[in-house]
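Coordinate analysis (summary)
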Amino acid sequence: MRAVSLLLLLICSMSAKAFAWPNWVYHANCADKNFCAVGVAHSETLAKKMAFDDLSQQLQASVNSHSLVSISKKDNKSNSSLSQKIELNTESIPLNLVSVTDKAFENNQVAVLLKLPRQQFTNNLSTRLTTFFNNISSSKQLFHQPLWQQRVWAIKQQAKQAKIENQLSLLTALNEQKTLNSGLWQKFKQWQQLTVALNNKAIIEVQASHELQTIATSINQHLVGGAGKIYWLQPSIKTKSAKKAGKYTVKALLSLELLESKPPYRILFSNSLKAQRSAPSFSAAKQKAIEAIAHLIKTSKGHILFSKNDQHHLEEY
């Protein structure tokens, strides 16, 4: 009986503390004019981060869900498990548009209310998209570039297409009529068509040593296709290492050179990527650094391979 009484007292105590929070912590009082998010944590910094993450998810442009079923069998009995991975593509939010409109403190915790004006965010997103399309070179200008530059331009644009399409989808959801009237979807389709056309102007073949096969595979994922003139992309690697407290730290520098495939084999473009990793052995640390560079190339959708602009080195072997 005493245990039951103590349990009831504890529940009542917890309920009293819970209701000590202001109502907006449970139901953010937002009109249609604002996006709102609440974060509760033991520090104001963390509470703001949680609220901002929530705000970002409210503005997600797409959701990708992947499910995996695993089945194991033992002694004529089958067991299965289901795992799910959900990826959210959220839209970046200009920090100057977000404001903290309320704070509350209770039981060593802080609650923060963030507000983002809907109209300001919509206008900002529309301006960013308009600026992006206005800054794209005309097809006439692009077709005057060398074939390898046309292909590199197309590869860069392909890396951006998913993000731009997500932004347009979000803008349409916020204000469909205004987005359609702006002509941004027409500009998007024209941009897609131009990217496809220039992507088929050249073939880029990767020539890599055996130790760089991981990187070569990652690069090739973004260089599929092309036609006509052939160019070579040659990756090479240099490493620096140090040993401390029985652990090796290796810094790997990957150099990339885009060359003509015929004499005098001029170097048309060069770039470098680097990564640093630690492990109990030199070879393990080096492999980790190489894998880190390969992951960087993969996640950037190949964009980072050609991140430098307007390089015109004409060196000869």
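About the cut-offs
- Residues numbered from 1 in each chain as written.
- Predicted model: local features only at pLDDT ≥ 70, side-chain atom pairs only at ≥ 80, totals over all residues.
- Heavy atoms only, no water.
- Helix = DSSP H or I, 4+ residues; strand = E, 2+ residues; numbered from the N terminus.
- Buried < 20%, exposed > 50% of the residue type's maximum accessible area, 1.4 Å probe, protein only.
- Contact = heavy atoms within 4.5 Å.
- Areas by Shrake-Rupley, 256 points an atom, 1.4 Å probe, with all protein chains shown as cover.
- Salt bridge = Lys/Arg side-chain N within 4 Å of Asp/Glu carboxyl O.
- Pairing = 2+ DSSP bridges.
- Axes fitted to C-alpha atoms, helices over the stretch in contact; angles between N-to-C directions.
- Parallel < 35°, antiparallel > 145°, perpendicular 65-115°, else oblique.
- Left-handed = near helix turned anticlockwise from the far one by under 90°.
- Core = buried A, V, L, I, M, F, W, Y, C linked by side-chain atoms within 4.5 Å.
- pLDDT = per-residue confidence, 0-100.
- 1 Å grid on protein atoms, 1.4 Å probe; cavity = no way out; pocket = protein on both sides within 12 Å on 5 of 7 lines; lining within 4 Å.
- Points joined across faces, edges and corners; volume = space filled by probe spheres on them.
- Nonpolar A, V, L, I, M, F, W, Y, C, P; charged D, E, K, R; others polar.

Further remarks concern the overall build of the protein. Counting its regular elements, the protein contains nine helices and nine strands. Residues classed as buried in the protein amount to 33% of the 317 residues present. Here the analysis covers contacts within the protein between residues at least 6 apart in sequence; of these, 66% occur between residues at least 24 apart. Carbon and sulfur atoms make up 52% of the accessible area of the protein, which amounts to about 19400 Å² in all.

The full count for this structure, using the stated rule, is five salt bridges. Note that Lys286 and Glu211 form a salt bridge whose closest N and O atoms lie 3.0 Å from each other. Here Glu211 lies in the loop between β6 (202-206) and α8 (213-220) and Lys286 lies in helix α9 (residues 282-299), a separation of 75 residues in the sequence. Judged by its relative accessible area of 38%, Glu211 falls in the partly exposed class. For Arg266, the salt bridge is made with Glu260, and the minimal N-O distance between the two is 2.5 Å. The exposure class assigned to Arg266 is partly exposed, which follows from its relative accessible area of 28%. Its relative accessible area of 11% is what places Glu260 among the buried residues. The network of salt bridges with common partners includes Glu44, Lys48 and Lys103.

Moving on, we get to the environment of Lys262. Relative to the assigned elements, Lys262 resides in the loop between β8 (247-260) and β9 (267-279). Note on Lys262: relative accessible area 61%, which makes it exposed. Along the sequence, Lys262 and Tyr231 sit 31 residues apart, while their C-alpha atoms lie 8.6 Å from each other.

Spatially, β6-β7-β8-β9 is the arrangement adopted by the four strands of the open sheet, whose pairing is mixed. Across the chains shown, the open sheet's two edge strands, defined by having one partner strand only, are β6 and β9. Between one strand and the next, the sheet's axes are offset by a mean angle of 20°, whatever the strand orientation. Across 14 bridges, the pairing between strand β7 (residues 229-244) and β8 is antiparallel.

Sheet architecture is open: three strands sit in the order β1-β5-β4, paired in antiparallel fashion. Bordering the open sheet on either side are β1 (34-41) and β4 (99-106), each of which pairs with just one other strand. Each neighbouring strand pair of the sheet contributes to a mean axis angle of 15°, computed without reference to strand direction. Two elements, β1 and strand β5 (residues 109-117), share eight bridges in a ladder whose sense is antiparallel.

This paragraph deals with the packing of helix α5 (residues 147-174) against helix α7 (residues 184-199). Closest axis-to-axis distance for the α5/α7 pair is 9 Å, and the angle between their directions is 160°. In terms of orientation, α5 and α7 fall into the roughly antiparallel class. Two packed elements cross with a definite hand, and for α5 against α7 that hand is left-handed.

The turn linking β7 back onto β8 is made up of two residues, and Ala245 within it adopts a positive phi angle of 55°. Here β8 pairs with β9 via twelve bridges, running antiparallel. When the bridges of β9 are listed, Leu253 appears paired with Lys274. In this structure, the hairpin formed by β8 and β9 is closed by a connection of six residues, where Tyr265 is found at a positive phi of approximately 55°.

What follows is about the nonpolar core. Leu116, Phe121 and Phe133 are the most contacted members of the largest nonpolar core, which has 32 residues in total. Within the residue set of this core, elements represented by two or more residues are β1, α2 (44-58), β5, α3 (118-134), α5 and α7. Of all the elements, α5 adds the most residues to this core, at seven residues. Dropping the residues within four chain positions of it, Phe133 is found in contact with Ile164, Leu168, Leu184, Lys187, Phe188 and Trp191.

Moving on, we come to the confidence of the model for the protein. Averaged over every residue, the pLDDT of the protein is 83; residues scoring 70 or more account for 81%. Confidence drops under pLDDT 50 across residues 61-71; counting only partners more than four residues distant or on other chains, this segment forms 33 contacts. For residues 309-317, every residue scores under 50 in pLDDT, and the model assigns this stretch 24 contacts once sequence neighbours within four places are set aside.

Side-chain alternation along β6 places Ala202, Ile204 and Val206 on a buried face and Ile203 and Glu205 on a face that remains uncovered. Bridge analysis of β6 against β7 gives five bridges, and the strand direction is parallel. Counterpart to Ile203 in the pairing with β7 is Ile230.

With that settled, the discussion passes to the layout of surface pockets. One number sums up the size of the second largest pocket: a volume of about 240 Å³. If you go around the second largest pocket, the residues you meet are Ala159, Lys160, Ala162, Lys163, His295, Lys298, Thr299 and Lys301. At the level of elements, α5 and α9 are the ones that each hand at least two residues to the lining of the second largest pocket. The dominant element in the lining of the second largest pocket, judged by the number of residues it contributes, is α5, at four residues. In terms of residue class, the lining of the second largest pocket is made up of two nonpolar, two polar and four charged.

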